[in-house]
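Inside the fold
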Amino acid sequence: MSNHFTSSDLAVAAALLDYYGLPYTQRSLTDYLHQHVFGSLMTELADCLFQHGLNTTLVTAEPNLFTREVWKELYLLDYPKTLPDQLPSINEVERIIKKGVLLRRVLPAIPEIDQELAAGRPVVISYAPALLDPLRQPGISQAILTPGDEQTYTVFEPLLDAQTTRQPKTSLLLAITQGQSKDPTARSVIFSTVRQPAPTAPPPVR
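We now turn to the structure provided with this report.

Analysis parameters
Residues numbered from 1 in each chain as written. Predicted model: local features only at pLDDT ≥ 70, side-chain atom pairs only at ≥ 80, totals over all residues. Heavy atoms only, no water. Buried < 20%, exposed > 50% of the residue type's maximum accessible area, 1.4 Å probe, protein only. Helix = DSSP H or I, 4+ residues; strand = E, 2+ residues; numbered from the N terminus. Pairing = 2+ DSSP bridges. Core = buried A, V, L, I, M, F, W, Y, C linked by side-chain atoms within 4.5 Å.

**Some points on the pairing of strand S3 (residues 123-127)**
By the criterion of burial, S3 is predominantly enclosed, with five of the five residues buried. Burial along S3 is two-sided: the face carrying Val123, Ile125 and Tyr127 and the face carrying Val124 and Ser126 are both buried. Both S3 and strand S4 (residues 141-147) contribute to a ladder of five bridges, which runs antiparallel. Bridge pairing in S4 links serine 126 to glutamine 142.

Next up, the structure:
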């Protein structure tokens, strides 16, 4: 999988598009993925993959997903001098839904993840690496799940020197659902399928 990107969201997007054989450039990825002080938004990753030819579904049970005050606080972390009347009137989740990304408001669960993997569809996750190993860096990162065995998943972890590791399913699910972040899209996964006809070129630069 791709390992020449310096951020987990870029590395995950490139690796998944490589897996499906879909075209992209570094510019076409960075056009949709932005680095924030709090990390990378899974909404942006779902949108980026959608724009590159994948039907994407964001799966999360976060109760504050549509809470205006939560999103305002998040925007102000990036732009602390923004006046209240200059804040976006639409939040990130609403934005990507309008563009075509699907939303499933359920807690990510092992049976649904297993079903995707059994169909040959890798799953993008947002997780807390330190919940797998306390010696790992704190915060939230992105990774890709592929099949392991009955008890484990194979995990492509860009921020762990782009290694592929084996992790117990139950431990990994806790790392997905129990990570602490101000980002309401953090405790989520992305399911994807290739749209038909598949694109033959990256999306145009915005």
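**Looking at the nonpolar core**
Counting 28 residues, the largest nonpolar core has Leu29, Leu45, Leu49 and Val124 as its most contacted members. Secondary-structure elements contributing two or more residues to this core are helix H1 (8-20), helix H3 (42-51) and strand S1 (54-60). Of all the elements, H1 adds the most residues to this core, at eight residues. In this structure, Leu117, Tyr153, Ile176 and Phe191 belong to the second largest nonpolar core, which totals 18 residues.

**Topic: the environment of glycine 139**
Looking at the element boundaries, glycine 139 is found in the loop between S3 and S4. When its relative accessible area of 37% is taken as the criterion, glycine 139 is described as partly exposed. Remark: the alpha-carbon pair of glycine 139 and phenylalanine 38, spanning 101 residues in sequence, is separated by 8.6 Å.

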